[in-house]
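# Inside the fold
So the chains spell out like this:
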Amino acid sequence: MELQTTTIQTKSAQCECAIFGNGKRPLVILPGIFTKSLMPFAQGVADRYQKFLDSYKVYLLDRPLNPPETCDAAFLAKAAAESLDALGVKGACVIGISAGGIAAQALAASRPDLVAKLFLGSTTANTKEAAAIIGGWARLAEEEKLSELNQAFAQAVYTPSFYERYKDAIMASLDGATSADLKRFSILALSLLGFDAAPLLAKIKCPILAVGAGQDKIFGADSAPQIARLAGFSARSYVYKNYGHAVYDEAPDYPDKILAFFDE
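### Some details on the side chain of Lys36
Looking at where Lys36 falls in the secondary structure, it is placed in the loop between strand S3 (25–30) and helix H1 (42–48). Look at Lys36: it is buried, it has no salt bridge, and the nearest opposite charge is Asp175 at 7.0 Å. Here Ser173 takes part through its backbone oxygen, which lies 2.9 Å from a polar atom of the side chain of Lys36. What Lys36 contacts, discounting residues up to four positions off in sequence, is Ala172, Ser173, Leu174, Asp175, Gly176, Ala177, Asp181 and Arg184.

Pasting the structure below:
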């Protein structure tokens, strides 16, 4: 499988994108925030989504490289839309994970031509309850306390057993962020605060599957059902009871659940 990366300069922002897969159907992944560029980890994402690659062409679209300090969900959706326009992508199956799910909700509401189906994983319709955690990350990033940030981030995202088992690999993946990386992370974290998807979800007409986790320390166990309730007839939800926020990395059948939904 050939994997290529590209940098897209749009009117609003500069975004990196990894492209892989041999299929004709477009699939867009909007990932959560991370302390560094996701492009060095793109092969790992492709391996995780191996079952998709015969039917789909996958676009792993990272967050903007140069977000403005006034960045919010509407800006992130606009930057994603402009990037997909530049790539010639329309009518895609879209996966929004964690913070990427916030951008994905805004994208589907504002540009329905780009989103045929919407999978929302470990995300929320309202960030009020998560403000303390997210704001804490932003402060640590602003103060360039990288070690403390990495530990706080990893322990909130992963279940204790998974964290202890893969602690060295997790911390190694987070290590090495530069001052510019941490500034970007802080801006993107703060962009999530104040998000309320209630008016957005009412506008989304495409099918939605929201998947959450019973032990999610960031957005809580009810986040996925709440999205489905607000979205109405076009949405349904599922909750993995024994996983935490990073169920998307931890649950073996997670890609199968996404693929089944997109193939319906």
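Additional details are given in the paragraphs that follow.
### Here's the deal with the sheet that holds strand S6 (residues 115–121)
Spatially, S1-S2-S4-S3-S5-S6-S7-S8 is the arrangement adopted by the eight strands of the open sheet, whose pairing is mixed. Only two strands of the sheet have a single neighbouring strand rather than two, namely strand S1 (4–9) and strand S8 (235–240). On average, adjacent strands in this sheet sit at an angle of 20° to one another, irrespective of strand direction. By the bridge criterion, six bridges tie strand S7 (residues 208–213) to S8 in an arrangement that is parallel. Considered in S8, the bridge of Gly212 is made with Val239. Of the strands in this sheet, S3, strand S4 (56–61), strand S5 (92–97), S6, S7 and S8 are in contact with helix H11 (residues 254–262), which crosses S6 at around 155°.

### Let's talk about the packing of aromatic side chains
Here the structure, examined in full by the defined rule, presents 13 aromatic pairs. Between the aromatic rings of Phe153 and Phe185, the centroid separation amounts to 6.2 Å while the plane-to-plane angle is 75°, which identifies the pairing as edge-to-face. Pair noted here: Phe153 is in helix H5 (residues 146–157) and Phe185 is in helix H7 (residues 179–190), with a separation of 32 residues, a long-range link. No difference in accessibility class separates Phe153 from Phe185, as the two residues are buried. On the basis of an interplanar angle of 90° and a centroid distance of 5.7 Å, the ring pair of Tyr240 and Tyr243 is categorised as edge-to-face. Classification of Tyr243 as partly exposed rests on a relative accessible area of 22%. An aromatic cluster of at least three residues, connected via ring pairs, comprises Tyr49, Phe52, Tyr56, Phe261 and Phe262. Cation over ring: Lys117 sits above Phe261, and NZ or CZ is 5.3 Å from the ring centre. Stacked on the ring of Tyr238, the Lys or Arg Lys257 has its end atom at 3.9 Å from the ring centre.

### Notes on the state of the cysteines
Across all of its chains, the model carries zero disulfides by this definition. As a non-bridged cysteine, Cys15 has Cys17 as the owner of its nearest cysteine sulfur, 8.9 Å distant. For Cys15, a relative accessible area of 2% translates into the label buried. In this structure Cys93 is a free cysteine whose sulfur lies 9.3 Å from that of Cys206, the closest cysteine sulfur available.

### Quick word on the environment of Asp175
Of note, Asp175 is situated in the loop between helix H6 (160–174) and H7. Relative accessible area serves as the criterion here: at 48%, Asp175 is assigned to the partly exposed category. Distance from Asp175 to Lys90, taken between C-alpha atoms, is 36 Å for residues 85 residues apart in sequence. For Asp175, the contacting residues outside a window of four places in its chain are Lys36, Leu146 and Asn150.

Rules of the game
Residues numbered from 1 in each chain as written. Predicted model: local features only at pLDDT ≥ 70, side-chain atom pairs only at ≥ 80, totals over all residues. Heavy atoms only, no water. Helix = DSSP H or I, 4+ residues; strand = E, 2+ residues; numbered from the N terminus. Buried < 20%, exposed > 50% of the residue type's maximum accessible area, 1.4 Å probe, protein only. Lys, Arg positive; Asp, Glu negative; His and termini not counted. Salt bridge = Lys/Arg side-chain N within 4 Å of Asp/Glu carboxyl O. Polar contact = N/O pair within 3.5 Å; in protein donor to acceptor, adjacent residues only side chain to side chain. Contact = heavy atoms within 4.5 Å. Pairing = 2+ DSSP bridges. Axes fitted to C-alpha atoms, helices over the stretch in contact; angles between N-to-C directions. Phe/Tyr/Trp six-rings, centres within 6.5 Å; stacked < 30°, edge-to-face > 60°. Lys NZ or Arg CZ within 6 Å of the ring centre and 35° of its normal. Disulfide = S-S within 2.5 Å.

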